[in-house]
Amino acid sequence: MIAPLSAALFYTYISASSASSGNPIGQYNVSDITVSGISSGGYMAQQVHISLSDVVVGAGVFAGGPYFCAEANAVTATKSCMEYNLGGPNVENSIVYTNLQSTYKTIADIKNLENDKVYLYSGTEDTEVDPRVMKDLQTYYEEFMPKDSIVTNFDTLSEHTYPTLDFGNECTVAKQPYISKCGVDGAGETFKTVYGDEAKRGTAIADNLVTFDQTPFTRSLSQISLGDTGYIYVPTACKDGSLECHAHIAFHGCSMTLDDIGTDFVEHAGYNEWAEGSNIIVVYPSTVKSVSLPANPYGCWDWWAYSGLNYALKTGPQIEFVKSIITEISSGVL
């Protein structure tokens, strides 16, 4: 589920994650950052990639769309950037806006993307985000980076879901946990794209996945719809800081919060196996549902301006939250 607004504004907000874990996220020897996400998390991943391209070097986007697609408007978000009505995303506007904000330095220099790698996935049967939206994201990225730096999978018979090898619903089913066994390793394809031959699948170790306290990184929880608790997977080789490791931030989608699907995404999306085998620290930040301001009844990441008009810029509250996490886990180096 990715819908920004609906009658669900009247859903009851119950947050099982409201009690903070109290665990600090920790500091590590981090060389670089990559991001990925599904649905609203896909939109969030590309927003973080574009706005923080001075530290983020690659992205995986599953069922998202072009940067600033919604243009701070919930109707545009739903009609153009999901349903592909009203002519679909205005890619030209997204490109112009990106170049303008890069000039204004409200996002990082867009030339940083020239050396980056991106993996894009859209299922042929996606009824939530029209597959043409993801093809428009490909067109958008091609404006700023070489075509051969963009790997796509637009051919898998799948619904609006995160693809795994063997966990979740049938691939043509779109329902919670919005994770499906599609014979496609979404996490692995992302890591192979952004890290190349360094990416190797290993065996996840349960004790290496722990909660962390998100509250030190939030300015006002009531205004930016972020929960108290996130998860982080730290590979054994990365724990003591002697080894330089990659770091990756994985964004869940709408209706995929900890309250909605528990730890299905953080345990079963497939990231942790590759993290252990490739020495990649994976951070799973989390949102919460809210029925008062901001109106975010599905617990989506902000890609249409519920947290403020600067939501897609470096000063956007949720992007500042992510940047604070990056600064902390990288010991202030990034």
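As a further point, take the state of the cysteines. Taken as a whole and assessed by the stated rule, the structure comprises 4 disulfides. The partner cysteine of Cys69 in its disulfide is Cys81, sulfur to sulfur 2.1 Å. Its torsion about the S-S bond being -105 degrees, the disulfide of Cys69 and Cys81 is classed as left-handed. Remark: Cys81 occurs in the loop between α2 (74–79) and α3 (91–104) and Cys69 occurs in the loop between β2 (56–62) and α2; sequence separation between them is 12 residues. The same class applies to Cys69 as to Cys81, namely buried. Each disulfide pairs two cysteine sulfurs, and for Cys171 the partner residue is Cys182, the sulfurs being separated by 1.9 Å. Note on the Cys171 and Cys182 pair: the S-S dihedral is about 100 degrees, so by sign convention the disulfide is right-handed. In this pair, Cys171 sits in the loop between β6 (169–170) and β7 (179–181) while Cys182 sits in the loop between β7 and α5 (186–195), placing the two residues 11 residues apart along the sequence. For the pair Cys171 and Cys182, a shared accessibility class is recorded, and that class is buried.

Take α3 next. The terminal C-alpha atoms of α3 lie 20 Å apart, and with 14 residues this matches the ideal 20 Å at 1.5 Å per residue to within 8%. Those residues of α3 not exposed but buried are Val91, Ser94, Ile95, Tyr97, Thr98, Gln101 and Ser102. Along the long axis of α3, the arc covered by the buried residues comes to 165 degrees, so they all point the same way. More than 90 degrees from the buried face of α3, the exposed residues found are Glu92, Val96, Thr103 and Tyr104.

Moving on: the sheet that holds β6. Pairing within the open sheet is parallel, and its 3 strands lie in the order β5-β7-β6. Only two strands of the sheet have a single partner each, and these edge strands are β5 (162–164) and β6. Pairing between β6 and β7: 2 bridges, direction parallel. Looking at β7, one finds that Asn169 is bridged to Ser180.

It is worth spelling out the pattern of salt bridges at this point. Taken as a whole, this structure holds 6 salt bridges when the rule is applied. For Asp130, the salt bridge identified is with Arg132, shortest N-O distance 3.0 Å.

Turning our eyes to something else, we now look at the sheet that holds β2. If you walk across this open sheet you meet the 8 strands as β4-β3-β2-β1-β10-β11-β9-β8, and the pairing is mixed. In this open sheet, the two edge strands, each paired with only one partner strand, are β4 (150–153) and β8 (209–213). Each adjacent strand pair in this sheet contributes to an overall mean axis angle of 20 degrees, direction not counted. The pairing of strand β3 (residues 117–121) with β4 spans 4 bridges and is classified as parallel. Directly across from Leu120, in β4, lies its bridge partner Thr152. Of the strands in this sheet, β1 (30–38), β2, β3, β4, β10 (245–251) and β11 (280–284) are in contact with α5, which crosses β3 at around 155 degrees. The sheet contacts of helix α9 (residues 271–278) involve β1, β8, β9 (229–233), β10 and β11, and relative to β11 the element is tilted by about 150 degrees.

Cut-offs applied
- Residues numbered from 1 in each chain as written.
- Predicted model: local features only at pLDDT ≥ 70, side-chain atom pairs only at ≥ 80, totals over all residues.
- Heavy atoms only, no water.
- Disulfide = S-S within 2.5 Å.
- Helix = DSSP H or I, 4+ residues; strand = E, 2+ residues; numbered from the N terminus.
- Buried < 20%, exposed > 50% of the residue type's maximum accessible area, 1.4 Å probe, protein only.
- Expected span 1.5 Å × (residues − 1).
- Arc of directions from axis to C-beta.
- Pairing = 2+ DSSP bridges.
- Salt bridge = Lys/Arg side-chain N within 4 Å of Asp/Glu carboxyl O.
- Axes fitted to C-alpha atoms, helices over the stretch in contact; angles between N-to-C directions.
- Contact = heavy atoms within 4.5 Å.

Functional significance is not addressed by these values, which are geometric in nature.
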